[in-house]
Structure formats: C-alpha cells, structure tokens
Amino acid sequence: MLVSAAPFFVFLSAVCLLYWASANSRRLQLVVLVAANLFFLARFSLIYLLLPIAASVDFLVGLGIGRSKRPAIRRLWLGLSLAVNLGLLVGLKLVPLLTTGRFGWLFPLSLSFYCFQSLTYTIDLYLDESPPTRNYLAYLTSALFFPSMTAGPIPRQRNLLQQFSQPFALTADDAGRAFLLISIGLVKKLLIADYLANNLVGRIFDTPALYSSVEILVGIYAYALQLFFDFSGYTDIAIGAALLLGIRLPENFRQPYLSVNIADFWRRWHITFSNWLRDYVFDLLPKRRKHPLISYSYAFLITFTLGGLWHGISWNFLIWGVLHGLALGVVFAWKMWRKIPSPHWWAKTLGALLTFHFVCFTWIFFRATSLENALDILRGLGTFTFSASNLTPLVLAVLFLAAVLHSLPPAWFEFSAGVAARTPFWVQGLAMAALILLIQTLAGRGSAPFVYGNF
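Residues numbered from 1 in each chain as written. Predicted model: local features only at pLDDT ≥ 70, side-chain atom pairs only at ≥ 80, totals over all residues. Heavy atoms only, no water.

Engineer: Just to check I follow, could you spell out the overall build of the chain for this structure?
Structural biologist: When helices and strands are tallied, the chain shows 18 helices and 0 strands. Computed over the C-alpha atoms, the radius of gyration of the chain is 23 Å, within 12% of the 23 Å expected from 2.2 N^0.38 for a compact globule of 455 residues. Taken along its principal axes, the extent of the C-alpha atoms in the chain is 65 × 60 × 55 Å. In the chain, the proportion of contacts linking residues at least 24 apart, taken out of those at least 6 apart, comes to 77%. For the chain, the exposed surface amounts to about 21,700 Å²; the carbon and sulfur share of it is 69%. (Helix = DSSP H or I, 4+ residues; strand = E, 2+ residues; numbered from the N terminus. Rg over C-alpha atoms; globule rule 2.2 N^0.38 Å. Contact = heavy atoms within 4.5 Å. Areas by Shrake-Rupley, 256 points an atom, 1.4 Å probe, with all protein chains shown as cover.)

As structure tokens, this is what we get:
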C-alpha cells in the first residue's frame, strides 16, 4: 500500500474517522493507531507482523537500561537492542543478495527507517539523554507509526513518545497545512518525479550508448530532480498524514540543491538521516584534538562509507559514500584554513554550482545499476557529442518547472498554508479531489517505484 496510491488515502480517511471519533479516550486512540499500524504492515506482508516483537524487545531494553546502574549491564542491554535492529538491517541488505535466483525473497517495505528510529530510543537511554517510558501502548504506537514507515522521516523516538503521551489536537491551521503537504507531495511524486523517470532518466541510464553527451548530462540533472521530488514528495505526504492525526514529524528536506558546500547539502538533504549519522556514528567516533584535521576527515570518511553501504552492498554505493566522506573532509579543511566564510554573493553562487555538480556526479554511481553502467555513463559524457533530438519540449518544460519549484522561497509555502487554513473544509476536499483527477489524467503511464523503497 504505497502512500501515493488511492488505497492509502482510503485507509488514511478511515483511520482519521475512527481516531477522532475516539477523541474522548486517549487510550482508545492509541489502540486505533496500533491496529492501523498492524494493518498497514500486514498489507505489505504478514512477515512484518513480527515487528511488534522487535519493538517489544526494545521496550524491555529501555526498562532494563533505566533500572541498571552498572555500566556492564547497561552495555549488555544496549547490545541486545543493537543485535535485534542491526540484525534486521543486515538481513534486509544481505538476504535478497544471497538468495537472488534461488528463493526470490523480496522485502516490499524497507525496515531501515524502523531500525534507525528504534535505535535512537535505546542509544539515547544508554547515553542518559532521556528516561525510559513505561507506557507500552504509546511505545508500540510510536515505534510502528505507519506514516513514516515507508519513506521516513526518521524521528527521534523520544520526541514521538512525548507526543503520543499527551492529548491529541488538530487545529484548522494544522489541517490546512496537512492537506497542502499531501497535495504538494502528490504533484512532486506523480507529475514530476514519475514523468522524469519514465520519459528520460530510465532510458538514458538503461542504454547510455544511444544518447549524446548533452542528453546524458541533462539525464543526470533530471535524475537529481527526480530523486529529490520522489523522496521529498513521499515525505511530504507522510508528514501531512501524521499531521492529520495530530502528530508532528520533523522536516526532511530544505532546498538541498541550493547548498553552498557539501556540508550544507547534508544539512538540507534527508535531514533526519544525516542527523542520525552525525549523532550516532560521527559524534561517537574517537577524535584527537592534537590532529583535528586528520581525525575529523577520518570520521567523515568512516561515517559516509557506512552511509553508502546502508543504501546497498555494492561498489556503486561504496564509491558514492567515499566521495561524500572525502568531500566533507575537504570542506572541513577549507573552513579550518579560511576561518571566516566569504560574505560575497559570487563566492556563494560559485560554491552552490560546484556543490550541485559534485552531487550530480555522485548520483551517477547512486543511480547506475552496476559499476560498469556508471562507467558507461561517464564514457558517454566524455564523447562530447551535442545532439539533443531526444530532449522533447515537454521534458525540458518539466525540468524547468522542477527547478523553479525547488527554488521557491519557503515563505511561499507558509503563505499558501495560511490560505488553506482559512479555506472551508469542504472546499479543501473538493480541491483535493480535483487534484487527484488531474493527476490521474496527466500521469498516464502510472507511478514509478519509490526510489528509497529499496533502502
């Protein structure tokens, strides 16, 4: 049940009706959400009904860490949580790899978001950053919260628990913002990302030898925009769906292709994942104060090598992670040397252009189906052929529209959210229905697979 498909919105509507009909009992609302979470998981595969067992282990681990004062016992409890969650994560990556062509195992729902979120709870407890909860129902609800299960964002478990432990409320402002986010997410995913995937990106990456250097370069730009609109579209829908239930999920994207350097990019792209890497990998790696440049460069490289391999066990993702780790080391060295960043607009513009093209270069390895496929793309760029016969006016128009929408000032969204909040509910519903009909008319070839569903 993909969050951009019609069955999801039927399901979400039913959950909202039952949820707010139970507003007089917070416990009953939690029961409704637990049932919704389990139904959502079962729709993907019955094997996911084992996740409540894993969540229960982390709940007990939290109680164990909270009661234990001896460091060795606390480490044992944390080790159990790491074993369960990293075991699920490794299984997600290795089982399909090891069984391809024999059993054909398929994980239709990525477990990564669940594992990372669960680990924020137990690791924070171990580091004494938050007390354990004794509310099992609230914990189970937050651990398996269905809006963020498929596409993130990755919230801190303690922040979700705090919200699930308080009375729920839905204001007109939140409802308007939720409908606007869902609408924007649908447009991003179905009208922009899917169009670029089906009409340009897939063709060029599948058979790069048939295209000129210019077409391949535009295809790489198109993939950068496809990936952003695909992923951010899904997370917009997830954040909007959660908001309809009175729950606030964290922001996950902030105009990443306007970043002035690669460190700035990772403060804007998949924000919750980069924060997770920072807090639970980078910050915990040992660093020497006498040699900060070497220590920090090493930590960046280790962190993003692991981040690359999280996306998949392949040379492509290893290279992608290493390149980003090295680039972060270069930015750190530059800041140590410069001390004060340049205030000039031209320096920021140049930095943004360099950062965007570096990110696009690394996306080649991220998107390519193999290392040989990535090398074919690079060879195609190196032929310096200039035909543009495969770049139709509609494709170029969608690319231009995507670039403009990505660059709109955040104030535009806030203004639109305010207008939506003042609009009568029935008008919002009609507008949503009209948008869905428009998308069904224009989308044509159907929805492309969610890119991050593989991770």
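Past the structure itself, the notes keep going.
Engineer: Hey, could you run me through a nonpolar patch on the surface in this one?
Structural biologist: On the surface, a nonpolar cluster with roughly 530 Å² of combined accessible area is contributed by W345, W346, L350 and L354. By the element assignment, L350 lies in helix α14 (residues 345–367). The class of L350 is partly exposed, set by a relative accessible area of 44%. (Patch = residues over 30% accessible without salt bridge, like charges linked within 9 Å, V, L, I, M, F, W, Y side chains within 5 Å. Salt bridge = Lys/Arg side-chain N within 4 Å of Asp/Glu carboxyl O. Buried < 20%, exposed > 50% of the residue type's maximum accessible area, 1.4 Å probe, protein only.)

Engineer: What am I meant to see in the environment of V201 here?
Structural biologist: Tracing the backbone shows V201 in helix α8 (residues 172–206). A relative accessible area of 1% places V201 in the buried class. Sequence separation of V201 and P393 is 192 residues, and the distance between their C-alpha atoms is 15 Å. The contacts of V201, once residues within four sequence positions are left out, are L196, G219, A222, Y223, Q226 and R367.

Engineer: Could you clarify how one ought to interpret α14 in this entry?
Structural biologist: Between its terminal C-alpha atoms α14 stretches 32 Å, which fits the 33 Å expected from 23 residues at 1.5 Å a residue. All buried positions along α14 are accounted for by G351, A352, T355, F356, V359, C360, T362, W363, I364, F365 and F366. Of the surrounding elements, those touching the buried residues of α14 are α8, α9 (213–244), α10 (262–266), α12 (292–311), α13 (315–338) and α15 (371–382). (Expected span 1.5 Å × (residues − 1).)

Engineer: How do you make sense of the nonpolar core when you look at a structure like this?
Structural biologist: Soluble, globular proteins show a tendency: their nonpolar side chains are buried together. Residues F146, Y257 and W363 are the most contacted members of the largest nonpolar core, which totals 126 residues. At 18 residues, α9 tops the list of elements feeding residues into this core. (Core = buried A, V, L, I, M, F, W, Y, C linked by side-chain atoms within 4.5 Å.)

Engineer: Mind showing me how you'd approach helix α2 (residues 26–44) here?
Structural biologist: Given 3.6 residues to a turn, an α-helix orients residues that are three or four positions apart in the same direction. For α2, with 19 residues, the first-to-last C-alpha span of 28 Å sits near the 27 Å given by 1.5 Å per residue. Listing the buried residues of α2 in full gives Q29, L30, V32, L33, V34, A36, N37, F40, L41 and F44. Considering only its buried residues, α2 is in contact with α1 (6–21), α3 (51–67), α6 (136–143) and α7 (157–164).

Engineer: Honestly, the side chain of N373 in this entry has me stumped. Any pointers?
Structural biologist: Tracing the backbone shows N373 in helix α15. The buried category is assigned to N373, whose relative accessible area is 7%. Engagement of the side chain of N373 in a polar contact is seen with the backbone oxygen of F205, the distance being 3.0 Å. When residues no more than four places from it in sequence are discounted, the contact partners of N373 are F205, P208 and A368. (Polar contact = N/O pair within 3.5 Å; in protein donor to acceptor, adjacent residues only side chain to side chain.)

Engineer: So what exactly am I meant to see when it comes to the packing of aromatic side chains here?
Structural biologist: Two measures describe an aromatic ring pair: the distance that separates the ring centres and the angle between the ring planes. Taken as a whole, this structure holds 46 aromatic pairs when the rule is applied. Here the aromatic rings of F11 and F39 are separated by 5.6 Å at their centres, their planes lie at 25 degrees, and the arrangement is stacked. In this pair, F11 sits in helix α1 while F39 sits in helix α2, placing the two residues 28 residues apart along the sequence. Plain terms: the ring middles of F361 and F365 are 5.6 Å apart, the flat faces sit at 80 degrees to each other, and that makes the pair edge-to-face. (Phe/Tyr/Trp six-rings, centres within 6.5 Å; stacked < 30°, edge-to-face > 60°.)

Engineer: Explain the pattern of salt bridges to me, please; I cannot follow it from the model alone.
Structural biologist: By the definition in use, this model includes 14 salt bridges. Between D128 and R74 there is a salt bridge; the shortest N-O distance is 3.0 Å. One end of the pair, D128, is in the loop between α5 (112–126) and α6; the other, R74, is in helix α4 (residues 71–99), and 54 residues separate them in sequence. For D128, a relative accessible area of 60% gives the class exposed. We note a salt bridge from R156 to D279, for which the minimum N-O separation is 2.0 Å. Here the residue R156 occupies a position in the loop between α6 and α7, and D279 occupies one in helix α11 (residues 271–282), the gap between them amounting to 123 residues. The class for D279 is buried, based on a relative accessible area of 16%. Taken together, the shared-partner salt bridges connect R156, R278 and D279 into one network.

Engineer: Can you walk me through unusual backbone geometry in this structure?
Structural biologist: Backbone geometry follows two general trends: most residues other than glycine have a negative phi, and most peptide bonds adopt the trans configuration. Phi is positive for Q255, which is not a glycine, with a value near 45 degrees. Of note, Q255 is situated in the loop between α9 and α10. The backbone of H270 sits at a positive phi, close to 40 degrees, despite the residue not being glycine. Mapped onto the fold, H270 is located in the loop between α10 and α11. Given a relative accessible area of 0%, H270 falls into the buried group.

Engineer: What exactly am I supposed to notice about the side chain of D230 here?
Structural biologist: Tracing the backbone through its elements, the reader meets D230 in helix α9. There is a polar contact of 2.6 Å between the side chain of D230 and the side chain of K189.

Engineer: Just checking my understanding: could you explain the packing of α13 against α14 for this structure?
Structural biologist: Helix packing geometry: the angle between the two helix axes and the distance between the axes. With their axes 8 Å apart at the nearest point, α13 and α14 run at an angle of 160 degrees to one another. Put simply, α13 runs roughly antiparallel to α14. For the pair α13 and α14, the contacting residues are N316, F317, I319, W320, L323, H324 and A327 in the first and F358, V359, F361, T362, W363, F365 and F366 in the second. Residue classes in the contact of α13 with α14 are distributed as 11 nonpolar, 3 polar and no charged. (Axes fitted to C-alpha atoms, helices over the stretch in contact; angles between N-to-C directions. Parallel < 35°, antiparallel > 145°, perpendicular 65-115°, else oblique. Nonpolar A, V, L, I, M, F, W, Y, C, P; charged D, E, K, R; others polar.)

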